[in-house]
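If you want the building blocks of each chain, they are given just below.
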Amino acid sequence: MASVIDLEATRGDTWDWEFTVLQRDRVTPQDITGAQFRFTGKYDAADADVDAPIVGSTSGGQCQVTDASGGIVRVRITPAQTGGVSAPTNLRYDLQATDGAGNVWTVARGRIRVEADISLTQP
């Protein structure tokens, strides 16, 4: 069962979150050695993946396992990706994992409350 975690972010900023993948007991970290991850943020859950304004993956470099035995994966979405998100808004997201055997599971899901950025020029 996926953890439900609501997040907050500002459009045009770097979004940087760490997630801990847990075993079924929801306490013990899952060893995620060799797992691949995909993070998807959509305006509506029914939207096609190709229409998602926010997509990150292990292969794309946005999802990085930082502690495999501790089950920790970091998701970092760049300002170039977040700058086009309508704000204020709520995105629906999930973080999915695929292990070496091809098993797929949802690690986390929830909403991202996206606020408008005030400064449009980066320092």
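Let me sum up the structure you'll find in this document. In this text, all values refer to a predicted model and were calculated from it rather than measured experimentally.

### Observations concerning the environment of Ala 52
Note that Ala 52 resides in the loop between strand 4 (36–42) and strand 5 (54–57). With 34 residues separating them in the primary sequence, Ala 52 and Glu 18 have C-alpha atoms 21 Å apart. Beyond its immediate chain neighbours, meaning those up to four positions away, Ala 52 contacts Thr 40, Gly 41 and Lys 42.

### Thoughts on the pairing of strand 6 (residues 63–67)
Bridge analysis of strand 6 against strand 7 (residues 72–77) gives 4 bridges, and the strand direction is antiparallel. Paired with Cys 63 across the bridge in strand 7 is Val 75. Linkage of strand 6 to strand 7, two consecutive antiparallel strands, is achieved through a turn of 4 residues, within which Gly 71 is found at a positive phi near 75 degrees.

### Side note on the pattern of salt bridges
If you walk through the whole model with that rule in mind, you get 5 salt bridges. Across the salt bridge formed by Asp 49 and Lys 42, the nearest N and O atoms sit 2.7 Å from each other. Looking at Lys 42, the relative accessible area reads 11%, which means it is buried. The shortest N-O distance in the salt bridge between Glu 115 and Arg 113 comes to 3.1 Å. Among the residues examined, Glu 115 registers a relative accessible area of 37% and is labelled partly exposed. On the basis of relative accessible area, Arg 113 is assigned to the partly exposed category, the value being 30%. Where salt bridges share partners, they join Asp 16, Arg 74 and Arg 76 into one cluster.

Cut-offs applied
Residues numbered from 1 in each chain as written. Predicted model: local features only at pLDDT ≥ 70, side-chain atom pairs only at ≥ 80, totals over all residues. Heavy atoms only, no water. Helix = DSSP H or I, 4+ residues; strand = E, 2+ residues; numbered from the N terminus. Contact = heavy atoms within 4.5 Å. Pairing = 2+ DSSP bridges. Salt bridge = Lys/Arg side-chain N within 4 Å of Asp/Glu carboxyl O. Buried < 20%, exposed > 50% of the residue type's maximum accessible area, 1.4 Å probe, protein only.

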